[in-house]
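Descriptive structure summary
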Amino acid sequence: MNTQRIVIVGGGTAGWLAAARLAAALTDNVVVTLVESPTVPTIGVGEGTWPSMRATLQSIGITEREVLKHCEASLKQGTLFKGWVNGQADDEYMHPFSLPADYASLNLADWWRSRDDGHLFCHAVTPQAAVATANKAPKQFGMPDYAFALNYGYHLDAGKFAELLKHHCTEQLGVIHIRDDVLGVVSDAMGAIERVELANTPSLSGDLFIDCTGQRALLIGEHLHSPFESLRDTLPNNRAIVTQVPYGSPDDEIASCTLSTAQAHGWIWDIGLQSRRGVGYVHDADKISEDEARATLLTYVSVSTTAEITSSLTTRVVHFEPGYRPEPWRGNCVAIGLSAGFIEPLEASALAMIEQGITTLVENFPANKELLAPVARLYNKKMTAHWASIQDFLLLHYALSQREDTSYWREARSLERLPQGLKDKLLLWQVRAPYHSDAPRLDELFPAASYQYVWLGMNGQLDRVLRGDCHDRSLGAERIDRVLHDVREKTLQLTQALPTNRALLNALTQ
Ligand SMILES: Cc1cc2nc3c(=O)[nH]c(=O)nc-3n(C[C@H](O)[C@H](O)[C@H](O)COP(=O)(O)OP(=O)(O)OC[C@H]3O[C@@H](n4cnc5c(N)ncnc54)[C@H](O)[C@@H]3O)c2cc1C
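What comes next is a walk through the structure. Model, not experiment: these values are computed from the prediction.

**Digging into the nonpolar core**
I8, L22, L108 and I336 are the most contacted members of the largest nonpolar core, which has 142 residues in total. Sort the elements by how many residues they give to this core and helix α12 (residues 372-399) lands first, with 13 residues. Those residues in contact with L22 that lie beyond four places of it in its chain are I6, I8, V32, I210, L361, V362 and F365. One finds I178, V196, L224 and A335 within the second-largest nonpolar core, a separate group that totals 19 residues.

And the structure:
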C-alpha cells in the first residue's frame, strides 16, 4: 500500500516546518494533516536559525520579505562569544557563518598558528567578523531575496514564525489543520500506528505519523517507548530563564549576530529582533536557584537598558533535559523537533536539526510500507551521527575554557567528560590546525571551519596554540599574503558600503 496519508501531531516550529516541506515536495496524492492542541502551548523559544533556513524558506515558497515583516526577524551572521575563555573584559571572539577565505583548498588556520599577526583569527580570514560586530547587515539594499554579500541566517520570533508557517501551509500548500487534543494512540497487531484518537473530532488514521509534540513526545516516547539518552553528565545545562527586552528607542541598533556571554553557572544569549531583544540565561539548575538565575539575567539586562525597562520585565522559566533519541524513527512514526531531542541552545542547532530531519525524510520518502524499515535505519543512523557531532562541538566550547571562578566551570572544563574522538582531535590539533579530515562527512553539521573559529578563537587569545612551522609546507607564502590582503580590502569595502541591520530591515519591511 502506498504512503498517502501523513499525520503530523504538534503545531510548533517542527510541526509546521515539516508540514510545509512535505506538502511542497510531495505529489498531490499525498495528504498532509496537522493536528495541534488548542491548550498545550508551544515552547515559545528558538529564535536563532542557521543559513540553511534561507533554502528551507525558498523551498516552501515563502518570501524573505514575509519572514521579515511577520516574524520580527533580523539577519544573523554568527555568534559573538564573550567571557568564555577567562571572563576578562577583552575576552571575545566570533564564530561567523562565512567560511575562511579560500577554505576549500587553503588551510589558513594552519598558517595562523604559525604566524600570528596579532589579529583574532576570525578577523584575519573573513570580513564577516568586522561587518557583524559593527551591526552592519550581510546584504545591500536592493539585493534579491535570500541573496547575500556575506552568508546569513535569521533571528526571529518563534511564535510568529509558527503562525506564518501555519497560514502558508493552510492557505497555499493544502495542509489540513485540526485544532484538537490527541488523547490516545492506537497501533495495529504488527505494532504500526493506525490512528490517533482526538478529544472532539473523529479519530485520524494515517500511513506515516510525525511526532512533533515537543518534549512530551506523545507518539515516539509515551506510546512507542523509543529510549531517550540523557547527556546531562557531559552537558549539564537543563534550565533557561528568559525575558523579552524592548528597545529604548525605535532607532536602537539591531545586533547582527547572537551574543553569547558566559556567566558563573552557564551563559546568556542575547538576540536582537526588530522591536525587542530576546535574552535568556541557560544554566545548570543543580548549581543555582531560580532566584539567583533571575537576578543574574536582570543584572545582565540592566547594563544595556534603562532601570525603568529592567523593572518592567517579566521572566519565564523553561525546563529541558539535554539528550536525544538514538531511534527517532520507529515503525511508521518519526519524531522531529524536541520530541527527538534537544541538547542546549549554544550554537542554535535545534532548528537546523529539524531541517536535517525533514530533508532526509523528503529525500528518502518511503512511498510504500516495504520502504519504511530501510528508510528508518538510514534516518536513525544519520540523525544519531548529527547528535554526536553537536555534542562534540558544544563540549569544545567548555573544554577550551580557562575559567576557574566556579565549580560549574571547573567541572565543565574537565577533559574526562569528552568522548574519545574529541580528545583525539584536541591532541592532534597540538601539531596541526583543524581541517577537512576532522569533519569528513559531506552532510556534516559543523564543518572544520567551525572548529577552526572556536579552537583558534579560544586558544588564540591565550596563546595556547603551539607555534611552529605550518604543518603543511606546501602552503605558499605568496598565496597566503594575497588572500589575506584581499580579506583586508574586502573588510574595508564592506564595512563602509553595507547598511546597518536596522536600516536594511526598515527598508525591507516598509
Ligand atoms: C531554552 C531554549 C532555547 C532555544 N533556542 C533555540 C535557538 O536559538 N535556535 C534553535 O534552532 N532552537 C532553539 N531551541 C529549540 C527550539 O525551541 C525547538 O527546537 C523548536 O521550537 C521546535 O519545537 P517543537 O515544535 O518540537 O515543540 P513545541 O514548540 O513544544 O510544540 C509542540 C506542539 O505539540 C502540541 N501538542 C503537545 N501535546 C499534544 C497533544 N496531546 N495533542 C495535540 N497536540 C499536542 C503543542 O500544542 C504544540 O503545538 C531552544 C530551546 C530551548 C528549550
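**A look at empty space enclosed by the protein**
For the structure on display, the rule yields one cavity of 30 Å³ or more. Roughly 40 Å³ of volume is contained in the largest cavity. What lines the largest cavity is T234, L235, P236, N237, E344, L395, Y398, Y408, A412 and R417.

**A closer look at the layout of surface pockets**
Rolling a probe over the atoms, with the probe sized like a water molecule, indicates the empty space that remains. Computed from the structure, the second largest pocket encloses a volume of approximately 650 Å³. Lining the second largest pocket are 30 residues; nearest its centre among them are W50, S52, Q356, E444 and L445. When contributions to the lining of the second largest pocket are tallied by element, the ones reaching two or more residues are α2 (52-60), β5 (92-96), α11 (350-363) and α15 (448-462). Along the lines of polarity and charge, the residues of the lining of the second largest pocket split into 13 nonpolar, 10 polar and seven charged. Mapping the lining of the second largest pocket onto the domain boundaries places at least three of its residues in each of domain 1 (5-47 + 157-232 + 323-387) and domain 2 (97-141 + 389-494).

Calculation notes
- Here the residue numbering is sequential within each chain, running from 1 through the sequence in written order.
- Given that the model is predicted, a residue must reach a pLDDT of at least 70 before its local features are reported, and side-chain atom pairs must reach 80 or more before they are shown or counted; all residues, however, enter totals for whole chains, interfaces and linings.
- For side-chain calculations, the full set of non-hydrogen atoms in the structure is used, while hydrogens and water are omitted.
- Here, nonpolar core means buried Ala, Val, Leu, Ile, Met, Phe, Trp, Tyr and Cys residues that are tied together by side-chain atoms lying within 4.5 Å of each other.
- Summary of the burial criterion: residues with accessible area below 20% of their type's maximum are buried, those above 50% are exposed, and those between are partly exposed, where the area comes from a 1.4 Å probe applied to protein chains only.
- Think of it this way: any DSSP run of H or I at least four residues long counts as a helix, any run of E at least two long counts as a strand, and we number them from the N terminus.
- Two residues form a contact once any of their heavy atoms are found within 4.5 Å.
- The distinction between a cavity and a pocket rests on a 1 Å grid over the protein atoms alone: a 1.4 Å probe fits inside a cavity but cannot get out, while a pocket stays open yet meets protein on both sides within 12 Å along at least five of seven lines, and a residue with an atom within 4 Å of a point counts as lining.
- Grid points are joined across faces, edges and corners, and a volume is the space filled by probe spheres set on the points.
- Three residue categories are used. Nonpolar comprises Ala, Val, Leu, Ile, Met, Phe, Trp, Tyr, Cys and Pro, charged comprises Asp, Glu, Lys and Arg, and polar comprises the others, including Gly.
- How far each domain reaches was decided by an automatic or database domain assignment.

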